[in-house]
Amino acid sequence: MVKFYESSFTYDYTFPAVTLAYFLRYPNPYSTHVLSTDVISRSVDPVSGRLHTLRIHRKSSRLPPAVLKLLPKSVLGNVRSGRSESYILETSTIDIKEGWMKTESKNLDWTGILSVVEKQEYRRQIPVDEGDDFRVGAGTTGVTTTVMFRSRLGERLRARGTRKGEAAVAEVDDEPKKGFLSSWSTSGIQRSIEAIASRKTENQLGKSKEGMMIVLERLRSGGLVGVLDGMRRDRELAFGREKM
Amino acid sequence: MSASLAPECDGVKERYDTCFLKWYSEKYLRGKGTEDECAALFKDYKKCLTSALKERGIDQMLEEARADHKESDEAHMRRS
């Protein structure tokens with residue numbers, strides 16, 4: 001039960017600028033749902049010179065209401081009693097010599113209901129030396145985005161119940177037998193959840209591209225200082241001055 | 001700069017982020033960044049973040065994410 005979404009795009013900015021914007025993309029006016037970003041680990045491979053970064057983003061988003069409607073009460077109980085925020089784990093690898101960056105983001109919560117994995121591959125598109133000044137608008141950067149949705153509702157809950165023998169999870173497992181799923185198969189619900197997530201993702205990918213564009217434009221017009229100033233303003237607008 | 005998930009880590013995070021951005025844009029992007037010059041600042045930030053992740057139960061979620069990854073890989077192997 002897997003669904004894919006794929007798209008390609010070319011940024012009219014150099015590869016170094018795009019990688020910098022990637023690290024600096026939150027906050028921006030299109031990302032008010034992203035509450036925080038932290039670096040869990042970061043290292044430069046001494047042999048390849050590649051930069052590996054592991055980050056965790058906290059978002060204020062909940063499951064889409066249309067997905068919530070499809071879920072049995074026992075599962076909803078778990079979701080609603082939990083936080084109204086979710087966490088995204090993001091890995092990125094940059095090879096500045098070869099001119100590419102690969103990223104992968106996935107949700108850490110609700111993985112039993114829906115897993116979303118977004119992979120991106122950025123590549124430098126001008127083979128000539130584009131210089132090392134990221135403010136110079138020379139060269140372009142291509143990006144291919146692949147998103148995979150997978151709803152493991154049912155299978156996952158059962159597997160978990162067996163593995164850990166959790167009472168709460170076992171109750172969830174019993175629920176379908178009592179009739180909730182009798183008129184509609186689990187796979188039907190899985191497909192619906194995936195379809196809803198897919199529509200939502202197309203919308204969000206557009207927004208994340210807009211956010212990158214704003215950060216890139218700030219970089220081009222004001223350099224690093226311009227980006228940081230913009231961030232400060234966005235943060236004030238989104239979270240209010242008291243939190244600064 | 002983006003906020004930390006733990007407000008108590010905002011200060012150390014900002015110091016580390018500032019160091020990293022300087023190193024990244026002035027050295028790494030120019031092919032001169034072979035070693036991490038912000039390691040000491042990262043150590044402070046990491047110390048704060050690690051206990052914050054633990055307090056909030058996020059460390060366990062991270063571990064589960066890794067275990068899940070392994071689990072689905074194994075399932076995939078069995079299928080093929």
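Residues numbered from 1 in each chain as written. Chains lettered and ligands numbered in written order. Predicted model: local features only at pLDDT ≥ 70, side-chain atom pairs only at ≥ 80, totals over all residues. Heavy atoms only, no water.

- Naming follows an unreviewed UniProt entry, where chain B appears as Mitochondrial distribution and morphology protein 35 of Amorphotheca resinae ATCC 22711.
- Check the Sequence similarities (unreviewed entry) section of the UniProt entry for chain B; it says "Belongs to the TRIAP1/MDM35 family." (UniProt positions renumbered as here; feature names shortened; annotations may be inferred.)

- Chain A is annotated in an unreviewed UniProt entry as PRELI/MSF1 domain-containing protein from Amorphotheca resinae ATCC 22711.

## Looking at the nonpolar core
Burial of nonpolar side chains together is a common tendency in soluble globular proteins.
Next, step 1: Ranked by size, the top nonpolar core spans 55 residues in total, and within it A:Leu24, A:Leu51, A:Tyr122 and B:Tyr24 carry the most contacts.
Next, step 2: Broken down by secondary-structure element, the contributors of at least two residues to this core are helix H1 (15-23), strand E2 (34-44), strand E3 (51-59), strand E4 (86-95) and helix H6 (186-239) of chain A together with helix H1 (10-26), helix H2 (39-55) and helix H3 (58-79) of chain B.
Next, step 3: Per-element accounting of this core gives the leading share, 8 residues, to H6(A).
Next, step 4: Among all residues touching A:Leu51, those that are not within four sequence positions of it are A:Phe23, A:Arg42, A:Ser43, A:Val44, A:Ser92, A:Thr93, A:Ile94, B:Phe20, B:Trp23, B:Tyr24 and B:Tyr28.
Next, step 5: Counting residues in each nonpolar core, the second largest holds 13 residues, with A:Ile113, A:Ile189, A:Ile193 and A:Ala197 among its members. (Core = buried A, V, L, I, M, F, W, Y, C linked by side-chain atoms within 4.5 Å. Buried < 20%, exposed > 50% of the residue type's maximum accessible area, 1.4 Å probe, protein only. Helix = DSSP H or I, 4+ residues; strand = E, 2+ residues; numbered from the N terminus. Contact = heavy atoms within 4.5 Å.)

## What about the environment of A:Tyr30?
Next, step 1: Note on placement: A:Tyr30 falls in the loop between H1 and E2.
Next, step 2: The contact partners of A:Tyr30, leaving out residues within four places of it in the chain, are A:Lys207, A:Glu210, A:Gly211 and A:Ile214.

## What about empty space enclosed by the protein?
Next, step 1: Within this structure, the stated rule accounts for 4 cavities of 30 Å³ or more.
Next, step 2: Quantified by volume, the largest cavity comes out at close to 130 Å³.
Next, step 3: The wall of the largest cavity is formed by 14 residues, among which A:Phe23, A:Leu24, A:Arg55, B:Ser2 and B:Asp17 lie closest to the centre.
Next, step 4: For the lining of the largest cavity, the secondary-structure elements that each account for two or more residues are E2 of chain A together with H1 of chain B.
Next, step 5: A per-element tally of the lining of the largest cavity places H1(B) first, with 4 residues. (1 Å grid on protein atoms, 1.4 Å probe; cavity = no way out; pocket = protein on both sides within 12 Å on 5 of 7 lines; lining within 4 Å. Points joined across faces, edges and corners; volume = space filled by probe spheres on them.)

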